[in-house]
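Descriptive analysis of the structure
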Amino acid sequence: MVGAVLAVVFAVVADEPEWGGFSLGAVITLGALARLTGGGRLAVRRRPTDVATLALLGIALMVGAILLQYPWLMPRSIG
């Protein structure tokens, strides 16, 4: 939670929303890794569900942030 708050504060203070989004994605992905290794005692959902959801969200945020920072990486449509 602290990492997510720091990532959002970084995005606002540094006026770099792309890298703030990347750092938020990295924190969420680290949360997935922590949940995979046994962190947290959440009994509502199963561990594989949490890990898959957090990992996909974190990776999607990081890829989106990189594409916003470097738009030339965006795939071009043919036609």
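Residues numbered from 1 in each chain as written. Predicted model: local features only at pLDDT ≥ 70, side-chain atom pairs only at ≥ 80, totals over all residues. Heavy atoms only, no water.

Broken down by element type, the chain carries 3 helices and 0 strands. Start at the N end of the chain and walk to the C end: the helices and strands fall as α-α-α. Counting the 79 residues in the chain, one finds 16% classified as buried. If you take every contact in the chain between residues at least 6 apart in sequence, the share linking residues at least 24 apart comes to 47%. When the accessible surface of the chain is summed, it comes to about 5,800 Å², and 74% of that surface belongs to carbon and sulfur atoms. (Helix = DSSP H or I, 4+ residues; strand = E, 2+ residues; numbered from the N terminus. Buried < 20%, exposed > 50% of the residue type's maximum accessible area, 1.4 Å probe, protein only. Contact = heavy atoms within 4.5 Å. Areas by Shrake-Rupley, 256 points an atom, 1.4 Å probe, with all protein chains shown as cover.)

The next point concerns helix α3 (residues 47-69). The terminal C-alpha atoms of α3 lie 33 Å apart, and with 23 residues this matches the ideal 33 Å at 1.5 Å per residue to within 8%. Of all the positions in α3, only Asp50, Val51, Gly58, Met62 and Ala65 are classed as buried. Packing partners of the buried residues in α3 comprise α2 (17-36). (Expected span 1.5 Å × (residues − 1).)

Another aspect to go through is the packing of aromatic side chains. Two aromatic rings are characterised by how far apart their centres lie and by the angle between their planes. The final tally for this structure, using the stated rule, is 3 aromatic pairs. Each ring, one from Tyr70 and one from Trp72, has its centre 6.2 Å from the other, and the planes form 65 degrees; the classification is edge-to-face. (Phe/Tyr/Trp six-rings, centres within 6.5 Å; stacked < 30°, edge-to-face > 60°.)

Here we come to the environment of Thr53. Topologically, Thr53 is positioned in helix α3. For Thr53 and Ala32, which are 21 residues apart along the polypeptide, the C-alpha to C-alpha distance reads 8.1 Å. Looking at Thr53, its side chain comes within polar contact range of the main-chain oxygen of Thr49, at 2.8 Å. (Polar contact = N/O pair within 3.5 Å; in protein donor to acceptor, adjacent residues only side chain to side chain.)

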